[in-house]
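Each chain is listed here by its residues.
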Number of protein chains: 2
Amino acid sequence: MSVRAGIIVTGTEVLSGLIRDANGPWLSEQLRAHGVSLREIVVVGDRPEDLRRALDFFSDVDLVLTSGGLGPTADDLTAEVVAGWAGTRMELDPALEERIWAIVNTLRRRIGGEEAPMRAGARKQAHVPVGAVVLEPRGTAPGFLIGSAPLVAVLPGPPRELQAMWGDAVSTEPLRSLLASAGSLEQRILRFFPLSEPQIAATLRELDADSRPLEITTCLRRGELELATVYEEPAAAAYADFEAEIRARHGDALFSDSGATIDEVIAQLLSGLTIATAESCTGGLMAGRLTDLAGSSAYVLGGVVVYSNEAKTALAGVDAGLIAAHGAVSPEVASALSAGARERFGADLGIGITGIAGPGGGTPEKPVGTVCLSIAAPWGVEERTVRLPGSRTDVRDRTTTVALHMLRALILRR
Amino acid sequence: MSVRAGIIVTGTEVLSGLIRDANGPWLSEQLRAHGVSLREIVVVGDRPEDLRRALDFFSDVDLVLTSGGLGPTADDLTAEVVAGWAGTRMELDPALEERIWAIVNTLRRRIGGEEAPMRAGARKQAHVPVGAVVLEPRGTAPGFLIGSAPLVAVLPGPPRELQAMWGDAVSTEPLRSLLASAGSLEQRILRFFPLSEPQIAATLRELDADSRPLEITTCLRRGELELATVYEEPAAAAYADFEAEIRARHGDALFSDSGATIDEVIAQLLSGLTIATAESCTGGLMAGRLTDLAGSSAYVLGGVVVYSNEAKTALAGVDAGLIAAHGAVSPEVASALSAGARERFGADLGIGITGIAGPGGGTPEKPVGTVCLSIAAPWGVEERTVRLPGSRTDVRDRTTTVALHMLRALILRR
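Residues numbered from 1 in each chain as written. Chains lettered and ligands numbered in written order. Predicted model: local features only at pLDDT ≥ 70, side-chain atom pairs only at ≥ 80, totals over all residues. Heavy atoms only, no water.

- Identification of chain A as CinA-like protein from Solirubrobacter phytolaccae is taken from an unreviewed UniProt entry.
- What the UniProt record of chain A gives under Sequence similarities (unreviewed entry) is the line "Belongs to the CinA family." (UniProt positions renumbered as here; feature names shortened; annotations may be inferred.)

## Description of the interface of chain A and chain B
Next, step 1: Taken together, the 94 residues of chain A in the interface contact 94 residues of chain B.
Next, step 2: In this assembly, chain A packs against chain B so that about 7500 Å² is buried in total across both faces, 58% of it on carbon and sulfur atoms.
Next, step 3: Contact with chain B buries surface across chain A, with Leu18(A), Arg20(A) and Arg205(A) losing the most and accounting together for 9% of the total.
Next, step 4: Counting across the chain A and chain B interface gives six salt bridges.
Next, step 5: Residue Asp292(B) is joined to Arg396(A) by a salt bridge in which the shortest nitrogen-to-oxygen separation is 3.5 Å. (Contact = heavy atoms within 4.5 Å. Buried area = accessible area lost by both parts, 1.4 Å probe. Salt bridge = Lys/Arg side-chain N within 4 Å of Asp/Glu carboxyl O.)

## Structural notes on the relation of the copies chain A and chain B
Next, step 1: Expressed as a screw transformation, the operator carrying chain A onto chain B has a rotation angle of 180° and an axial translation of 0.0 Å, and the superposed copies differ by an RMSD of 0.1 Å. Taken together, these values place the two copies in the relation of a two-fold axis.
Next, step 2: Same-surface contact between copies: 99% of interface residues of chain A are shared with the interface of chain B. (Least-squares fit on C-alpha atoms with pLDDT ≥ 70 in both.)

## Observations regarding the pattern of salt bridges
Next, step 1: Summed over the entire model, instances satisfying the criterion amount to 50 salt bridges over all chains.
Next, step 2: Arg249(A) is the salt-bridge partner of Glu206(A), the closest N and O atoms lying 3.6 Å from each other. Of this pair, Glu206(A) sits in helix α9 (residues 197–206) while Arg249(A) sits in helix α10 (residues 236–250), and the two are 43 residues apart along the sequence.
Next, step 3: Residues participating in the shared-partner salt-bridge network are Arg39(A), Glu40(A), Asp60(A), Glu215(A), Arg47(B), Asp50(B) and Arg53(B). (Helix = DSSP H or I, 4+ residues; strand = E, 2+ residues; numbered from the N terminus.)

## Points about the pairing of strand β9 (residues 185–192) of chain B
Residues and elements named next belong to chain B.
Next, step 1: Across eight bridges, β9 lies against strand β11 (residues 224–232) in antiparallel orientation. Its bridge partner being in β11, Leu 185 is matched across the sheet by Glu 232.
Next, step 2: Where β9 and strand β12 (residues 254–256) come together, two bridges link them in antiparallel fashion. Looking across to β12, one finds that Phe 192 is bridged to Leu 254. (Pairing = 2+ DSSP bridges.)

## Quick notes on empty space enclosed by the protein
Regions of empty space are outlined by a rolling probe, equal in size to a water molecule, passed over the atoms.
Next, step 1: Scanning the model with the defined rule gives six cavities of 30 Å³ or more in all.
Next, step 2: Its volume calculated, the largest cavity comes out at about 190 Å³.
Next, step 3: In terms of lining residues, the largest cavity is bounded by 14 residues, among which Asp21(A), Pro25(A), Val43(A), Asp21(B) and Val43(B) are the most central.
Next, step 4: Going through the elements one at a time, β2 (37–44) of chain A together with α2 (23–33) and β2 (37–44) of chain B are the ones with two or more residues in the lining of the largest cavity. (1 Å grid on protein atoms, 1.4 Å probe; cavity = no way out; pocket = protein on both sides within 12 Å on 5 of 7 lines; lining within 4 Å. Points joined across faces, edges and corners; volume = space filled by probe spheres on them.)

## Description of the environment of Ile216(B)
Next, step 1: One can find Ile216(B) in strand β10 (residues 215–221).
Next, step 2: Overall, Ile216(B) belongs to the buried group, its relative accessible area being 13%.
Next, step 3: With 135 residues separating them in the primary sequence, Ile216(B) and Val81(B) have C-alpha atoms 37 Å apart.
Next, step 4: Those residues in contact with Ile216(B) that sit more than four places away from it in its chain are Asp75(A), Leu204(B), Ala209(B), Leu227(B), Ala228(B), Thr229(B) and Phe242(B). (Buried < 20%, exposed > 50% of the residue type's maximum accessible area, 1.4 Å probe, protein only.)

## Some words on the UniProt feature "domain: MoaB/Mog" (unreviewed entry) in chain A
Next, step 1: Residues given the UniProt feature "domain: MoaB/Mog" (unreviewed entry) here are residues 6–177 of chain A.
Next, step 2: As annotated, residues 6–177 of chain A has a helix share of 45% and a strand share of 21%, and its two end C-alpha atoms lie 18 Å apart.

## Quick notes on the packing of α2(B) against helix α7 (residues 159–169) of chain B
Relative orientation and spacing of two packed helices are given, respectively, by the angle between their axes and the distance between those axes.
All names here are of chain B.
Next, step 1: Put simply, α2 and α7 touch, their axes get as near as 11 Å, and they point 20° apart. Taken as axis vectors, α2 and α7 run roughly parallel relative to one another. Both α2 and α7 take part in a crossing whose hand is right-handed. Between α2 and α7, the contacting residues are Asn 23, Trp 26, Leu 27, Gln 30 and Leu 31 on the first element and Pro 159, Leu 162, Gln 163 and Trp 166 on the second.
Next, step 2: Of the residues in the contact of α2 with α7, the class split is six nonpolar, three polar and no charged. (Axes fitted to C-alpha atoms, helices over the stretch in contact; angles between N-to-C directions. Parallel < 35°, antiparallel > 145°, perpendicular 65-115°, else oblique. Left-handed = near helix turned anticlockwise from the far one by under 90°. Nonpolar A, V, L, I, M, F, W, Y, C, P; charged D, E, K, R; others polar.)

And the structure:
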């Protein structure tokens, strides 16, 4: 049986673009893992009529998940609106109120605040719909499940609270039995670098991919091309054929078929090696990205951020004459930076990056987006000068992606 | 006159959580700047019936913006579905086809690919609805405006293309005259640190904020509390009263009333000063954040990422005996790091950070999330040891926020 779901993300702060929603994408991945097909995500502000319209929009799905609007302020009205929509009313749960107050009061003792209005906030949060399955607070707000056809699961907005409470929700009877009735959806992700959208589009056209029992999506993410395919179990052989044909055409650029990101691929490849960085235009983001994964202290020794020419010389050992002769943004200085990183930290591998992230600083010969990269190892080097499009943020981020792919190529040549 | 709008973000890659939507929030801010009230954002996959349902959902607004689904692959079907929904049909524009092909062919010569299928992709993208106002490609895909009540503006998915094409769209006759008929919405943002949600909730309750002609939203972002208020012009005096009352209660924690982020506040405060970093658990993110803004090379001299104890000593001058006596994560080592950053780079200000980002490495005395920070200047120091909640990513990011607020406090004491 196919189970269809909708997600409602509430909050004027999300609708207005003040904060980027993290809950929709996260819940979407959870639903797919349970074999549930997601129809749409609707983002609504904190207005009762808009929330009711979003609920109506999903009246013919099996499951609706809401995030946000459970806080102590008056603009937090999700619980009450869902209760009304489900045909029930709100009721104070005095024992729940005491549990919420214990949490809030601990916070109050630490950070201060008046007791009476904070107590009123806790009481507001302790109102739950009559007939609901209540989910205990993971912050200060309880969630709940109510109704059937659709079953509505009301979850809090802060991602950590929502993620913990989702774990609680799937073990409740109504959600557990609904999820058990769903089929199984497989997802496979192939990642390529470098590969452009027109190239993959041409391939998909040649393979007549559209006629296959596969839901195929392509997207560019941080400069990499991702080919994601979702299918129901009977289509497994059709997927295997498709993947083989893709590999035959673009196997050279394929760097991940396991769901692993380039960051995770690199972490594996670095086993037994050490690495250090010397970066200018990326300003620490390269080292920051390498240390993003748990366990990276086993192979990242450190790095230097050498923005000024003096720092390039003092901290990464770049010859001042080299900078004078070729300019700070040059393949020669990138090489000196990667060598300096290896030498200063005693690392096997060194990454050297120097470039013009913009928006100022470009010249006709070296426009904004020009970045020189060098990766050095005892067995060789990878060096490139690239011109990257986009804003300062884009150029800095894309540079770290290019460096990771050069690093992969160099380690594979070992 | 009030103009109401809806945004439809298309793409299975967004719906499935593979990529985070950037277009909805960006378009939302543009609409508010034009005085247009956004009703909802709907995220739909690449399925014609779902896209039609989303268009129906917005049949009673004045303006619908769509993003994505204009590419050369068969799953890109936004243009065709919108044309059908608007009661017209698609037609090949041969001159447009040649312009698109010129762009794609240049790309093809650089990166390779078969001519015939890529030409077919360009032809597909050159089909536009009869009667539409066509928007020239900013990548390879044209956009267009069609219909009235609602007017539908069809824009591409890549954020850079969409943002450029939005600029083109607002200067076309139908969109320009619709936007001219909108009123004016003011938005004011106050940012606080430290301030908790229960505290601001209590204040809003005391001030009976709900009864005022203001749309008030609170949200926690990167550890800071943001209070955003949107109102129509006649409510300006009501807003002024409200802001004065908020300042009276939480003025101490208010660090921005101009829309500026803490990063921008720091950039201003650093005028005439220089800064350098020595960081361990944040692994470069502190330097990366300081250099995120254009012009930061005027005050950021650089930094060192000293993950290993050897690097702490060699690159930041931390006494090995200090690490042995107090541990690498200690206030003493944080102090030595901030002093080392100043000394090595010859900077006015030094930031020293050492902590346990997790998930491993915690002890009962120093659990995961323990971070020691030190900011040093010639006129004094700010030092704190904090315990931050959340994942490795949360701890690392939150640490940089705490450091920026300590930096602000130190510079203001000058």
